[in-house]
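Examining the three-dimensional arrangement
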Amino acid sequence: MLHKTLVLPFAMLTRGLAQWLQPRPRGPVPDKGLQQSRAELEQMSARELNDLGIGRGDIPALLDDPVGWRRDRPG
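Conventions used here
Every chain's residues receive numbers from 1 upward, in the order its sequence appears when written. This being a predicted model, a pLDDT of at least 70 is required before a residue's local features are given, and a value of 80 or more before pairs of side-chain atoms are given or counted; all residues contribute to the totals for chains, interfaces and linings. In computing side-chain properties, one takes all heavy atoms of the structure into account and sets aside hydrogens as well as water. Patches here: salt-bridge-free residues with over 30% relative accessible area, like charges joined within 9 Å, nonpolar side chains (Val, Leu, Ile, Met, Phe, Trp, Tyr) joined within 5 Å. Surface exposure here means Shrake-Rupley accessible area, sampled with a 1.4 Å probe, where a residue is shielded only by the protein chains that are shown. In what follows, salt bridge is the name for a side-chain nitrogen of Lys or Arg lying within 4 Å of a carboxyl oxygen of Asp or Glu. Only DSSP runs of H or I reaching four residues or more are called helices, and only runs of E reaching two or more are called strands; each is numbered from the N terminus. Think of a nonpolar core as a cluster: buried Ala, Val, Leu, Ile, Met, Phe, Trp, Tyr and Cys residues, connected wherever their side-chain atoms sit within 4.5 Å. Throughout, exposure labels follow a simple rule: accessible area from a 1.4 Å probe, protein chains only, divided by the maximum for the residue type, with under 20% read as buried, over 50% as exposed, and the rest as partly exposed. Throughout, a residue-residue contact means that at least one pair of heavy atoms, one from each residue, lies within 4.5 Å.

**Things to note about a nonpolar patch on the surface**
A cluster of nonpolar side chains, contributed by L13, L17, W20 and L21, occupies part of the molecular surface with about 470 Å² of accessible area. With respect to the secondary-structure elements, L13 resides in helix 1 (residues 2–21).

**Notes on the nonpolar core**
Judged by nonpolar contacts, L41, L49, I54, I59, L62, L63 and W69 together constitute the single largest core of seven residues. Residues contacting I54, with those up to four places away along its chain left out, are L41, L49, L62 and W69.

**With respect to the pattern of salt bridges**
What the rule picks out here adds up to one salt bridge. Here D64 makes a salt bridge to R38, at a shortest N to O gap of 3.1 Å. With D64 in helix 4 (residues 59–64) and R38 in helix 2 (residues 32–43), this residue pair connects regions lying 26 residues apart in the sequence. Of the residues examined, D64 reaches a relative accessible area of 57% and is grouped as exposed. Relative accessible area serves as the criterion here: at 24%, R38 is assigned to the partly exposed category.

Have a look at this one:
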């Protein structure tokens, strides 16, 4: 019983530390859906974008920070 009392918490601690110490990607993690949306918006004509209520210059702000983009919009 003493063996389980000492070993199990230690094993869980070492497993948690090993996961925490694993290298993580630096910078934003690429999102395939976001990349696809960006590509689709960039392929649209100015008229199509205007029909959606956005301009070509709005695409980066819209995809990077949609809440901030919406907050800055009039109306």
